[in-house]
Amino acid sequence: MGLLTDPGMDQSPLPAVLERHHRLLCVCLYIFGCVWFLALAHNALNHGTYFSENALLPGLVQGDFQGDSEALRYLESLEEEGNKHPSSMPHPWLVGQFTQLGLDTYTHSFTLQYPMGRGKNFTGRNVYAILRASRGSSTEALVVAAPYRPPSSLLQTTAPSIALMLAMAKFFSKQVYWAKDVIFLITEHEQLGAQAWLEAYHGPPPTSHTPSPPLLDPGNLEGRAGAIQAGINLEVHSPHVTHLDVRLEGLNGQLPNLDLVNLIHRLCQRENVPHTFKNRADHPRPETLQGWLHQLSTLLAMVTAQASGVPTGNHGLFHKYGVAAVTVSGAARGEGEPAVGVVGRGRSVRLHQVGRVLEGVCRSLNNLLERFHQSFFFYLLPATNRYISIGVYMPPFSLIAGGVLVKALALWYSSSCGEAVKDGEGGKSKVNYSLLQWVPVVVMIHGACILLSSCPAPLSRLGLALELIPEDSVALGVCSACLALMLVAMSLSRYLVKPNSSWEVLKIFAVLELGVLLFAGAVYNFSLALLIAVIYTPTALMASPSASRLLRAGKSALLLLVHPLSLLYLAVMFDTYSNFPELSVLKLLSKGAVGAKRALMYSVVDSFIYSNWVFDVATLCLLPVWLLLWQIVHHKVSVEEGKCKKE
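Fair warning: this is a prediction, and the values are worked out from it, not measured in the lab.

## With respect to the pairing of strand β2 (residues 104-113)
- Bridging between β2 and strand β3 (residues 121-131) involves ten bridges; their strand directions are antiparallel. In the strand pairing of β3, T105 is matched with A129.

## Examining the nonpolar core
- Judged by nonpolar contacts, the single largest core of 171 residues is most densely connected at F98, F184, W197, L365 and F397.
- The biggest single contributor to this core is helix α19 (residues 614-633), with twelve residues.
- With residues near it in sequence (within four places) discarded, W197 still touches H108, N126, Y128, V143, I183, L185, L221 and I228.
- Formed by five residues, the second largest nonpolar core is a distinct cluster that contains C26, V406, A410 and L541.

## Describing the sheet that holds β2
- Strand order across the open sheet formed by nine strands is β6-β2-β3-β5-β4-β7-β11-β9-β10, with mixed pairing between neighbours. Looking at the sheet topology across the chains shown, the edges are occupied by β6 (216-217) and β10 (275-276).
- The strands that helix α4 (residues 91-100) touches are β2, β3 and β5 (181-187); relative to β3, the one it contacts most, it runs at about 10°.
- On top of the sheet, helix α9 (residues 351-366) reaches β4 (140-147), β7 (227-236) and β9 (244-247); it is set at about 170° to β7, its chief contact.

## Here's the deal with helix α12 (residues 456-465)
- Inspection of α12 places P456, A457, L459, S460 and G463 among the buried residues, and these make up the whole buried set. End-on view of α12: buried residues confined to an arc of 160°, all on one side of the axis.
- Note on α12: the residue one or two positions beyond its end, E467, has a positive phi of about 65°.

## What to know about the sheet that holds strand β1 (residues 47-48)
- With antiparallel pairing, the three strands of this open sheet are ordered in space as β1-β14-β13. Taken across any chain shown, the strands that pair with only one partner, and hence form the sheet edges, are β1 and β13 (379-383).
- In terms of strand pairing, β13 meets strand β14 (residues 386-389) through three bridges, oriented antiparallel. Considered in β14, the bridge of L380 is made with I388.

## A word on the packing of aromatic side chains
- Within the structure shown, the criterion is met by 19 aromatic pairs.
- Plain terms: the ring middles of Y524 and W613 are 4.7 Å apart, the flat faces sit at 15° to each other, and that makes the pair stacked. Separated by 89 residues along the polypeptide, Y524 in helix α14 (residues 503-524) and W613 in the loop between α18 (585-609) and α19 bring together distant segments of the chain.
- Relative accessible area serves as the criterion here: at 33%, Y524 is assigned to the partly exposed category.
- For W613, a relative accessible area of 34% gives the class partly exposed.
- Chaining the aromatic ring pairs together yields one cluster made of F65, F98, F171, F172, Y177, W178 and F184.

## So, the pairing of β7
- Counting buried positions along β7 yields nine of ten residues, so the element is predominantly enclosed.
- Across six bridges, β4 lies against β7 in parallel orientation. Opposite V144, over in β7, you have I232 as the bridge partner.

## Details of the side chain of E235
- Inspection of the secondary structure puts E235 in strand β7.
- Residues in contact with E235, not counting those within four places in the same chain, are P147, R149, S161, R247, G313, T327, V328, S329 and G330.

## Observations concerning a nonpolar patch on the surface
- A grouping of L462, L466, L468 and L476 is seen on the molecular surface, where their side chains present a nonpolar patch of about 380 Å² in accessible area.
- Assignment of secondary structure puts L466 in the loop between α12 and α13 (470-496).

## Concerning the pattern of salt bridges
- Under the criterion given, the structure shown has 15 salt bridges.
- Note that K597 and D472 form a salt bridge whose closest N and O atoms lie 2.7 Å from each other. Here D472 lies in helix α13 and K597 lies in helix α18, a separation of 125 residues in the sequence.
- We classify D472 as partly exposed; its relative accessible area is 22%.

## So, the packing of α4 against helix α5 (residues 159-172)
- Contact pair α4 / α5: the axes reach a minimum separation of 10 Å and the direction vectors enclose 20°. Classified by the angle their axes make, α4 and α5 are roughly parallel. Between α4 and α5, the contacting residues are W93, L94, Q97 and F98 on the first element and I162, M165, L166 and A169 on the second.
- Split by residue class, the contact of α4 with α5 holds seven nonpolar, one polar and no charged.

## A short note on unusual backbone geometry
- Here the phi dihedral of E190 falls at roughly 55°; this positive angle occurs in a residue that is not glycine.
- Note on placement: E190 falls in the loop between β5 and α6 (191-202).
- Residues other than glycine seldom take positive phi values, yet N252 does so here, at roughly 60°.
- Checked against the element boundaries, N252 lands in the loop between β9 and α7 (258-270).

## What to know about the environment of L629
- On the secondary structure map, L629 appears in helix α19.
- In this structure the C-alpha to C-alpha distance between L629 and S556, which are 73 residues apart in sequence, comes to 9.6 Å.

## Some points on the state of the cysteines
- This structure, assessed with the given rule, holds zero disulfides.
- Sulfur of C449: no disulfide; nearest cysteine sulfur belongs to C482 and is 8.0 Å away.
- Exposure remark for C449: the relative accessible area of 1% places this residue in the buried category.
- Cysteine C479 remains unbridged, with the sulfur of C482 as its closest cysteine sulfur at 6.6 Å.
- The class of C479 is partly exposed, set by a relative accessible area of 42%.

Calculation rules
- Residues numbered from 1 in each chain as written.
- Predicted model: local features only at pLDDT ≥ 70, side-chain atom pairs only at ≥ 80, totals over all residues.
- Heavy atoms only, no water.
- Pairing = 2+ DSSP bridges.
- Helix = DSSP H or I, 4+ residues; strand = E, 2+ residues; numbered from the N terminus.
- Core = buried A, V, L, I, M, F, W, Y, C linked by side-chain atoms within 4.5 Å.
- Buried < 20%, exposed > 50% of the residue type's maximum accessible area, 1.4 Å probe, protein only.
- Contact = heavy atoms within 4.5 Å.
- Axes fitted to C-alpha atoms, helices over the stretch in contact; angles between N-to-C directions.
- Arc of directions from axis to C-beta.
- Phe/Tyr/Trp six-rings, centres within 6.5 Å; stacked < 30°, edge-to-face > 60°.
- Patch = residues over 30% accessible without salt bridge, like charges linked within 9 Å, V, L, I, M, F, W, Y side chains within 5 Å.
- Areas by Shrake-Rupley, 256 points an atom, 1.4 Å probe, with all protein chains shown as cover.
- Salt bridge = Lys/Arg side-chain N within 4 Å of Asp/Glu carboxyl O.
- Parallel < 35°, antiparallel > 145°, perpendicular 65-115°, else oblique.
- Nonpolar A, V, L, I, M, F, W, Y, C, P; charged D, E, K, R; others polar.
- Disulfide = S-S within 2.5 Å.

Everything listed here is a matter of geometry and, on its own, says nothing about what the molecule does.
Have a look at this one:
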C-alpha cells in the first residue's frame, strides 16, 4: 500500500498498467501456479528422501525378533476372551498378560460429557504397561499403541496388533540395550481413549480452547515414564497381510518428522516387506507419464486427507504435544482398501516380518540423542521415497493465491483515482469511496458468523426439546442460519450504506481477508489453504455486480456452488461415489445428504473434544468472505458510479 500511496507514484506508469491489465495478470498467475503445483509430482521437481537424524542408525540395527508363534498364541487367546466380552474391552486379561511379563501395568479411567446431548456421558478404561529402561534413568520414553475394537465393532479388528504388541513386549523385556522406557498402550473408544491418556500424561495442550469445565475428564495416571520422544500406533488387522501402509496426517493437518516416516519405509525395504503410502506402492518407472500420474494421484490423496484436519489414526493426537508419531496399518487380502501397485501379489507378510520391522523402528528410536528436529515437519509425499518440501510447494501456492493480492492493489488504486477525481475536479465524481461506509456491514457479518460458530450446542438442546436427534437439529439449524445470513447480506447495504457507496471498497475488504486466510493458513495446514485457494481465488476475482440479470444469476449460482455447506456436500458425494459407484443417482444424492449431515456433526464434536479447527475456519473465516462476495454480486451499481468508471 505504501507503494501506491507514495506521491511519486503519480508520475509512474505502474499503477495505471496494473489497473488496466490486472485481470489478465491474475488469470495467468492462477493457471501457472496450478500447473506448477501439479508438475511437482514429477521426480525432476521433487527430491529423494534421506536421513537428517544420524543418531537413528537404521542400517546398523540387526533384527532378532522371533516371536511370531507367541503372537499367534496371544491372538488365539485374545479372540477367545473377546468373544466373552463382545462389546467391551477385556481389561483383566490384558492386565494379567502384561503383569506376567514383569512390566509395570496400570489401568486409566476417563469420562466424556458428550457436548451435543443432555447429560450423556461416556466412560472408558485404557490399559498401559511400562518397560523400564535398563540403561537409562527413565527420563525419555517411546510409545507403542494400539486401539482395541470389540467383536461387535463395525471397524476391522485390531486383535493381531495387540497380540503382536504382547509378543514384542515379551521379547523387549529380555533385552538389556534399552536406554528409553517403552510404554505399551491399549486404548478404548479409538481416538477418545488416546486423547484422554495423552492429556492425563501431559496435561491440557497450551492451544486447547475447550470449554470450562472441560468436556473430557482425563483422570489420573498411576504410573508414568519419561518424556515421550516418538510413538508408533499399530492397526494390523490380520496375521497375514499383503503390505504395510504408513499413515501420517494428524490433527489439523500436522505431520510427524519426515525422518520417522523414512525410517519405517527403509526398514520395510530391508526386511522385504511391501510398504505403501495412501495404499499406493511406488511406480516402477516414475519418469514416465504413467509414473507422473501415479505419483500425482498419491500427492492429491495426501492433500485431501490433510485438508480435512481429521487424524488418519490415533497417532495424529500425539502431534499437538510435540511427539512425532505414525500409524502402521496392515490388512489381509480382500480386506480394507486395495493397494495400488503392491509388489509381491502372490505372497503375504507374516507377523514375524512385521515384528522385525517394528523392532528395528524401536531400536533406532532408542538411539536418539534428542527430540526429532533435524528433518522436515512441512512436506508433501508423492511416493514413499520422494518428498516435496515447504520451500518447493510454497512458490506455486503463492502464485495461485497471489491473484487476490493483485486484485486488491488494483482496486485500491482504482478507488484512489476516484477520490482524486472527486477532490481535484470540483466533485465531478459522486461515488463515495470511503472505507468507513462499509465498516458496519463487515462488522455485522462477522458478528453473525461468530454467533453461528457457537450455536451447535444450543441447537442440539433445542432439538432434544422438539424430539429431534442432535444430527438433524444441528444440520437444520446451521442450514437455516446460512440461508438467513444470505438474505440479510443482500439487504444490509440498503440500510447501512449510502446508495452512492462503491462496491469496490467492499471487495477490497473481501479479497484482503481471503488473502490473510490463505497465507496464514498455509503455514499451519497447507493442504486446506491450497484447496481454499484453488476454489475461492477465481470466485473472488469474478465477483462483481452486474446490470444483466442473466449474468448476475450465473455468478450467484457459482457462489452457491462454493458455499462451505455446498463444498461439504460435494466432498461427501465424491467420497460416496468413489466407494459405491454402483449406486443410482437418487440413492447417491440421498446417501450424500446423510453423509454430509454426519460430517457436519463430526466436525462440531471434533472441535469441542479434540480442538479440530475445520468447523471454526469454515464459520469464522471462510463464511464471512463468502457473504461479502455474495453481497458484492447483488450490489446495485449506481448510474454515477458507472459514468465515473467510464471516465
